[in-house]
Amino acid sequence: MNITIRILLFLACVCCHNLPLAAQSGYRLWLDFKPLPTETAANYKQQLRALLFPVTSQTDSVARQELLTAVNGLLGECLKSVDTLQETGTLVIGTPATLPWLAGEAIAEHLRHVGDEGYGIHHTAIKGKPTTVILANTSSGILYGVYAFLGVLQRGEDISQLATTTQPKIALRLLNHWDNLDRTVERGYAGFSLWDWHRLPGYRDPRYTDYARANASIGINGTVLNNVNANALMLTAPYLEKAATLADIFRPYGIKVYLSARFSAPIELGSLADADPLNPEVQQWWNDKVAEIYRYIPDFGGFLVKANSEGQPGPQNYGRSHAEGANMLADALNPHGGVVMWRAFVYEDTEPEDRAKQAYNEFKPLDGQFRDNVIVQVKNGAIDFQPREPFHPLFGAMPGTPLMMEFQITQEYLGFATNLAYLGTLFSETLLADTYADGPHSTVARVIDGSLTGQKLTAMAGVANTGTAINWTGHPFAQANWFAYGKMAWDPDADAGTIAEDWLRRTFGNDASLIGTLLPMMMQSRETVVNYMTPLGLHHLMGWSHHYGPGPWIKDKQRADWTSVYYHQAGKDGIGFDRTASGSGALSQYAPEVQALFADPQTCPDEYLLWFHHLPWDFRMKSGETLWEALCGHYYGGVEEVADMQAVWEAQRGKVDSTVFQEVSDLLAIQHQEATLWRDACVLYFQQFSGMPIPDGLEQPEHPLEYYENLQFHFVPGI
Ligand code: GCV
């Protein structure tokens, strides 16, 4: 082989090897520590000359490595490791255990406000020397503090003014993976499951470590590995061994492993006759199983359970309540320190009652009956992660029971991984909603952070949008939803705009005009999806089963509350689901102040109008338009807003990496097609009832209604 060919082969090898994980792919998420502008870097280097960071745990070691790798990337090598404070520019990182002298300094006062996982980052004079300090009570706190400090550098902020003291308001901050053991992901749009069960425990994919880094960097401290529609196999020894390997990899990053438990596992795995929670044999089976799990995973977090919901087995199969089922598992976990997250996403198999009422009807009477290590996991809204729902009426209604939030990060009903929809605004809309459970300012955030009712066990779950896609989430902007979820789990009162800006800066850099144009685009993006899918409080209009695209015509299925016509109730007389006293009465599940807000269609916010009311097509909106005109306005406006997003993005050409630029450009073009499809299908469908024309000046749909009704989509992802 001649030398030229050898060189070419070598280069091809090197390039191919580096390509898949190249920064351009988005693989590095918000942790891509590219060099900062020269002036910014020089300024930081003056203040960051030495590093005093004793390492006494695996987590310390991870934190130190993360810090050095990132700082070297951002600034170039500058931090010299030292054992004592230097005259100027020491970065001191430690806990009272690793740096006992810290306890004698004024700065140690902050340790009283950071708990077990929080941290302080301060620029201060110590022994007369200007110093930057990251301090915490634990190694986990140090790790979080280091990631936060790296964010400060990425955003190019002034470190001489640093004065941050923070701790998480929520104790358990989890991802829920709806990942099946065959590696498909229910409602997953970013490839297959990250967990390569077949090659575990032997092969430790480096990606597991990168997953842990990404989560730790946004404060996530737990992960439920398998789908809530659970396979009992997950609880068998071979799979526990695999899960234990993942737990070992995640542990230094402060992340605990949890599992979804199939309630009927004692029958399937233990050959018992039933899974009745009051049967002593069943109880013993779970006690033994839990003890076995802890032998594999000593810090196992606990179980997530979907019971008596959508065909899953549960305690009601034996005439027992959800509390009796949850408490049996809680008793098995309690000696080991584990928790049960028991989902409130339940609706009767046969019950024709308004589905929005059923979880409340089922769980409210059980308030106060759960063990201390049970927390009830409630979706943000009463139906199912729709583009917009009012907050779930259970929030504020069970003061004697810890309630946790379940958000969906994966965009099952918000355009999968082709639509750009920043969900920080959706999360915060729910979290900041006032339940009035204990007078004004009884926000959902205060219910779940325990401050309203004094609950000690607090948690939040996000249904993960991660998969084997090289950029983790499919859509580059969907990374922002993972990021925002982590930030809001740490602080449910956090501002969605601040988080979006943080993500933008850490992902695309600090170009002021880029941030200034992309930030408003992100902040509007979820509303845009609402406009072209389910405006004015409409909900559940999507395609059958796969949930892709519009399907307002879906009817006559095995149960009414899986159809669209059940929810929109469109007819010649009008549209919308009456949930007031004259209808299903679901509104009565809220506090009187909330009822007062929504009960009168004249004052009900437009966003929730058709969620709570059935109104005639010529109903006069606050804007003066008829309901029909307003509906059309939202559908057409939504499509125009996508076109605006395309223009905003096009203006970034040359300012962001060309691969990501092209990907987002192409996805926005798909989003425009999908938005147009939603608009045309829904407007034509509803028009047959309204009998009113599409307002002047708006283009007519390209095809007749039958065309849209007959569209077939094959092999849609996520099922
Ligand atoms: C995991 C919706 C989804 C299901 C999901 C269910 C749940 O119905 O479409 O895929 O199942 O919610 O949250 O349990």
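About the thresholds
Every residue gets a number counted from 1 within its own chain, in the order that chain's sequence is written. Given that this is a predicted model, residues contribute local features only at a pLDDT of at least 70 and side-chain atom pairs are listed and counted only at 80 or more, while totals for whole chains, interfaces and linings are drawn from all residues. Each side-chain value is derived from all of the structure's non-hydrogen atoms; neither hydrogens nor water enter the calculation. UniProt positions are given in the numbering used here, feature names are shortened, and annotations may be inferred rather than shown by experiment. Fitted lines through C-alpha atoms serve as axes, helices being fitted only where they are in contact, and the angles separating the N-to-C directions of these axes extend from 0 to 180 degrees. Numbered from the N terminus, helices here are DSSP runs of H or I no shorter than four residues, and strands are runs of E no shorter than two. Note on terminology: angles under 35 degrees are roughly parallel, angles over 145 are roughly antiparallel, angles of 65 to 115 are roughly perpendicular, and the others are oblique. When checking whether two residues touch, look at their non-hydrogen atoms; a contact exists if any pair is within 4.5 Å. Any residue that is not Ala, Val, Leu, Ile, Met, Phe, Trp, Tyr, Cys, Pro, Asp, Glu, Lys or Arg is counted as polar, Gly included; the first ten are nonpolar and the last four charged. In short, DSSP must find at least two bridges between two strands for them to pair. All the domain ranges listed were derived from an automatic or database domain assignment. Buried area: the accessible surface (1.4 Å probe) lost by two parts on joining, summed over both. The salt bridge criterion pairs a side-chain nitrogen of Lys or Arg with a carboxyl oxygen of Asp or Glu, the two atoms within 4 Å. Each polar contact in these results corresponds to two N or O atoms within 3.5 Å; when the atoms are within protein, one needs to be able to donate a hydrogen and the other to accept it, and residues that are neighboring in sequence are counted only if both atoms are side-chain atoms.

If you look the chain up in an unreviewed UniProt entry, it shows as Xylan alpha-1,2-glucuronidase from Parapedobacter luteus. For the record of the chain, the UniProt heading Catalytic activity (unreviewed entry) holds the text "Hydrolysis of (1->2)-alpha-D-(4-O-methyl)glucuronosyl links in the main chain of hardwood xylans." Of the chain, the UniProt comment under Subunit (unreviewed entry) reads exactly: "Homodimer."

(A) The packing of helix 11 (residues 424-431) against helix 13 (residues 479-490), seen in detail. Packing of helix 11 against helix 13 brings their axes to within 9 Å, and their N-to-C directions diverge by 25 degrees. One element, helix 11, and the other, helix 13, form an angle in the roughly parallel class. On helix 13, the residues touching Gly-424, Phe-427, Ser-428 and Leu-431 of helix 11 are Asn-481, Ala-484, Tyr-485 and Met-488. Of the residues contributing to the contact of helix 11 with helix 13, the split by class is five nonpolar, three polar and no charged.

(B) How the structure looks around the sheet that holds strand 4 (residues 119-126). Taken in spatial order, the six strands make up an open sheet running 2-1-3-5-4-6, and their pairing is mixed. Both outer strands of the open sheet, strand 2 (80-81) and strand 6 (163-166), are each paired with one neighbouring strand and no more.

(C) Structural detail: the domain arrangement of the chain. Assigned domains within the chain: domain 1 (3-166), domain 2 (172-501) and domain 3 (531-577 + 614-709). Distance from the C-alpha centre of domain 1 to the C-alpha centre of domain 2: 32 Å. With 21 residues of domain 1 at the interface, the matching set in domain 2 holds 22 residues. When the buried area of domain 1 at its contact with domain 2 is split by residue, Tyr-27, Trp-30 and Tyr-144 rank highest and sum to 38% of it. At the junction of domain 1 and domain 2, the tally comes to two salt bridges. Taking the shortest distance from any N to any O, the salt bridge between Arg-173 and Glu-117 comes out at 2.9 Å. Counting every contact that joins domain 1 to domain 2 gives ten residue pairs in polar contact (both at pLDDT 80 or more). Listed by contribution, the elements that provide at least two residues to the side of domain 1 that touches domain 2 are helix 3 (58-75) and helix 4 (139-154). Residue composition of the side of domain 1 that touches domain 2, grouped by class: twelve nonpolar, seven polar and two charged.

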